[in-house]
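Structural overview for review
Take a look at the letters that make up each chain.
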Amino acid sequence: MKTLKFTLSQKVFVLIIAIIACTILFSFLFLHFLYKELYLKSIRDSVIYQGENTASHFHYGSLNDEIIDKIHWFNVVSEYEVIVVSNFEQLDDHFPYNIDGEHLIKQSDQKKLAQGNYIIKEGHVKEMDRNIVGAVFPIQSDKGLIGLIFIYVPLAAMQEVFQGSIPILILVGSVYFLLLFIVVNRIRYSLFKPLTDIQQLSKEVANGNYSNRLAPDQMDEVGQLAEAFNLMSSSLEQQEERKKEFISNVVHELRTPLTYIGGYTQALKQNLYSSKEEADSYLTTIEKETERLNKIVHDLIDLNYLQENLYEVEEEPIAIAQLLYDTIDLFQIRLTQKNIQTQMNIQEDIIISGDTKRMEQVFYNIIDNAVKYSPPESEVKVELRKEAGMMVFRVTNKGNIINKEDIPRIGERFFRTDKARTRSTGGSGLGISIVKQIVALHHGTFSITSDPLVGTVVMIQIPAFYEE
């Protein structure tokens, strides 16, 4: 059995209809309350007051013509119907009707009246086609019950009571529902139009189109949802662009070594060489390109491992100056080959809490880039100092100046500042990405500046270690 499914717009419409129905029901019950509780109560109280007041005038001990004439005159000028009789039989003659199908005076009523108590009579009189509210009051003397006063009022129907206010009610009700319709229609438009737009845009995003954006009119909850959806679309668009660029870079980085390996392998298989030295050079090239491929794959795995927070830093106190000295020693041959001078300013008592292997990787990548991009006969400046509770590591070289628009992208995967993407330096653009991730894991910061006068400066700050 299928269950009925309503859209959100339909649910809101049903809710509004329910509210209107409840409003109408409340109005009806309120009018009924005014009629039954207030109008009837006021009539009942007035009948009792007039009856008691009239009965109190009979203190002469008899019903003479003068008093009866006064009662008849009161009956003419007042809104009440007043009947004065001497006994129950006369009362039946003057009011020969049943109230709600029952006789006006019952045996139990006669006993109450004989005891000096009045009785209330309410109900429908068929002959009058009206409801009445009345009361029978006893007139007593020293000798007992000498007469009865019956005062009653034929009631107007509820539509007659509120007849004067019905036009006002109709006018106010019409204006109310008109305003309600305008407000509800406006709310429905402002609420569901952005949701419909989001639904349409979601389908486009699902199909790979991330360029469209929503334009919310108001910044309410729905408008904020639309703005959040815009941010999500923008983020997905940027991620898609980065993914395409990443794939393009991966293909570019892998194609050249694979081409070299494949080409020289075929040359060796087909004996396309003139000497053993030439064959050895082919093998050397294959070996270097294989190492390059291995390093690219290793760096990609390493970078993904760091970015997915799968690596936990094995923190321990590190004498960071000694680790830096050991790393610089690894570059002595390359420094000598390019005749590069090193100017070192190292504070040797700095200790940090971190991962020795990862910090060595940071130092190696930064110094490797500085040496790689420095021209021969130049200078590389290495600084390690403690400033404001932070270990500050700076490396300055006089190599190629980085354009300002490229600096924010330093550290993106495969991003290289040499637009020609030559292999003279042999870099893949992954080293700085790894450095930034390791520095972040050590709660540090990475920055780079490039100026023709000063050179390219890479600075890393990591909190220094404090002994308790």
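All values derive from a computational prediction rather than experimental measurement.

**A look at the UniProt feature "transmembrane region" (unreviewed entry) in the chain**
- Following the UniProt record, the feature "transmembrane region" (unreviewed entry) maps to residues 12-35, 132-153 and 165-184 here.
- The distance from the first to the last C-alpha atom of residues 132-153 is 6 Å, and the span holds 0% helix and 91% strand.

**Considering the environment of P376**
- If you trace the backbone, P376 turns up in the loop between helix 11 (356-373) and strand 8 (379-387).
- Owing to a relative accessible area of 55%, P376 belongs among the exposed residues under this scheme.
- Separated by 36 residues in sequence, P376 and I340 place their C-alpha atoms 6.1 Å apart.

**Things to note about the sheet that holds strand 4 (residues 144-154)**
- Here we have four strands laid out as an open sheet, ordered 1-4-3-2, and antiparallel in their pairing. Edge positions in the sheet fall to strand 1 (81-85) and strand 2 (119-125), since each of these pairs with one other strand and no more. Sheet twist, expressed as the mean angle between neighbouring strand axes with direction ignored, is 20 degrees.
- Pairing geometry for strand 2 and strand 3 (residues 130-141), over seven bridges, is antiparallel. Note that in strand 3 the partner of V125 across the bridge is R130.
- Across the sheet, helix 4 (residues 107-114) is in contact with strand 2, strand 3 and strand 4; its angle to strand 3 comes to roughly 45 degrees.

**Quick notes on the packing of helix 11 against helix 12 (residues 431-441)**
- In contact at an axis separation of 9 Å, helix 11 and helix 12 are set at 140 degrees when each is read in the N-to-C sense. When the axes of helix 11 and helix 12 are compared, the crossing they make is left-handed. Contacts between helix 11 and helix 12 involve R358, Q361, V362, N365, I366 and N369 on the former and, on the latter, G431, I432, I434, V435 and I438.
- A per-class count over the contact of helix 11 with helix 12 returns six nonpolar, four polar and one charged.

**Looking at the sheet that holds strand 6 (residues 341-346)**
- In spatial order, the strands read 6-8-9-11-10; together these five strands make up an open sheet with mixed pairing. Single-partner strands in this sheet number two, and they are strand 6 and strand 10 (445-451). Between one strand axis and the next, the sheet turns through 10 degrees on average, direction left out of account.
- Strand direction decides the pairing type here: strand 8 and strand 9 (residues 390-397), joined by eight bridges, are antiparallel. What sits directly across from L384, in strand 9, is F393.
- Of the strands in this sheet, strand 8, strand 9, strand 10 and strand 11 (455-463) are in contact with helix 11, which crosses strand 9 at around 20 degrees.

**Looking at the packing of aromatic side chains**
- Going through the model one piece at a time under the given rule, you end up with eight aromatic pairs.
- When the ring of F95 is compared with that of Y97, the centres are 5.1 Å apart and the planes differ by 85 degrees; the resulting orientation is edge-to-face.
- F95 gets classed as buried once you look at its relative accessible area, which sits at 1%.
- By relative accessible area, which is 27% here, Y97 ends up partly exposed.
- Judged by centre distance (5.1 Å) and plane angle (85 degrees), the rings of F95 and F150 are edge-to-face.

**Structural notes on the pairing of strand 8**
- Two elements, strand 6 and strand 8, share six bridges in a ladder whose sense is parallel. What sits directly across from Q341, in strand 8, is E379.

**Some thoughts on the packing of helix 9 (residues 320-329) against helix 11**
- In the contact formed by helix 9 and helix 11, the axes pass within 10 Å of each other and the chain directions differ by 50 degrees. Between helix 9 and helix 11, the angle is such that the two are oblique. The interaxial crossing formed by helix 9 with helix 11 has right-handed handedness. Residues I320, L323, L324, T327 and I328 of helix 9 form the contact with helix 11, whose own contacting residues are T356, M359, E360, F363, Y364 and I367.
- Split into classes, the residues belonging to the contact of helix 9 with helix 11 amount to eight nonpolar, two polar and one charged.

**Comments concerning the nonpolar core**
- Core analysis: the largest hydrophobic core is formed by 37 residues, its most contacted members being I320, L324, I366, L384, F393 and I460.
- The element contributing the most residues to this core is helix 11, with seven residues.
- If sequence neighbours within four positions are ignored, I460 has contacts with V362, I366, M391, V392, F393, V435, V439, T445 and F446.
- Counting residues in hydrophobic clusters, the runner-up holds 16 residues, among them F88, F95, L113 and Y152.

**Quick look at unusual backbone geometry**
- Within the chain, D100 stands out as a residue other than glycine whose phi angle is a positive 55 degrees.
- Residue position: D100 is located in the loop between helix 3 (88-94) and helix 4.
- A positive phi is found at N339, a non-glycine position, where the angle reads about 55 degrees.
- By the element assignment, N339 lies in the loop between helix 10 (332-337) and strand 6.
- Of the residues examined, N339 reaches a relative accessible area of 33% and is grouped as partly exposed.

**Considerations on the pattern of salt bridges**
- Here the structure, examined in full by the defined rule, presents nine salt bridges.
- For D45, the salt bridge is made with K41, and the minimal N-O distance between the two is 3.1 Å. Linking D45 with K41, this pair stays in helix 1 (residues 8-55), spanning four residues, or about one helical turn.
- Owing to a relative accessible area of 39%, D45 belongs among the partly exposed residues under this scheme.
- Overall, the relative accessible area of 45% leaves K41 in the partly exposed class.
- Here K372 ties to D368 by a salt bridge, and the two come within 3.2 Å at their closest N and O atoms. Of this pair, K372 and D368 are both found in helix 11, four residues apart, which corresponds to roughly one turn of the helix. No difference in accessibility class separates K372 from D368, as the two residues are buried.
- Through salt bridges with shared partners, a single ionic network connects R334, D368 and K372.

Rules and cut-offs
- Each chain carries its own residue numbering, running from 1 in the written order of its sequence.
- Residues qualify for local features only when their pLDDT is at least 70, as the model is predicted, and side-chain atom pairs are given and counted only at 80 or more; totals for whole chains, interfaces and linings, by contrast, use all residues.
- Calculation of side-chain values draws on the structure's entire complement of heavy atoms; hydrogens and water are dropped beforehand.
- UniProt positions are given in the numbering used here, feature names are shortened, and annotations may be inferred rather than shown by experiment.
- Only runs of H or I of at least four residues qualify as helices and only runs of E of at least two qualify as strands under DSSP, and these elements are numbered from the N terminus.
- To sort residues, take the accessible area from a 1.4 Å probe on protein chains only and compare it with the maximum for the residue type: under 20% means buried, over 50% means exposed, and anything in between is partly exposed.
- Paired strands, in this sense, are two strands between which DSSP finds at least two bridges.
- Here, axes are lines fitted to C-alpha atoms. For helices the fit covers the stretch in contact, and angles between N-to-C directions go from 0 to 180 degrees.
- Residue contacts are defined here by distance: any two heavy atoms, one from each residue, within 4.5 Å place the two residues in contact.
- Each crossing gets its hand from how the near helix is turned against the far one by less than a right angle, where anticlockwise is left-handed and clockwise is right-handed.
- Each residue receives one of three labels: charged for Asp, Glu, Lys and Arg, nonpolar for Ala, Val, Leu, Ile, Met, Phe, Trp, Tyr, Cys and Pro, and polar for the others, Gly being one of them.
- Paired rings are identified among Phe, Tyr and Trp, the last through its six-membered ring, by centres lying within 6.5 Å, and are further divided according to the angle between planes into stacked (under 30 degrees), edge-to-face (over 60) and tilted (the rest).
- Working rule for angles: under 35 degrees goes down as roughly parallel, over 145 as roughly antiparallel, 65 to 115 as roughly perpendicular, anything else as oblique.
- The definition of a nonpolar core used throughout is a set of buried Ala, Val, Leu, Ile, Met, Phe, Trp, Tyr and Cys residues joined through side-chain atoms within 4.5 Å.
- By convention in these notes, a salt bridge is any Lys or Arg side-chain nitrogen within 4 Å of a carboxyl oxygen on Asp or Glu.

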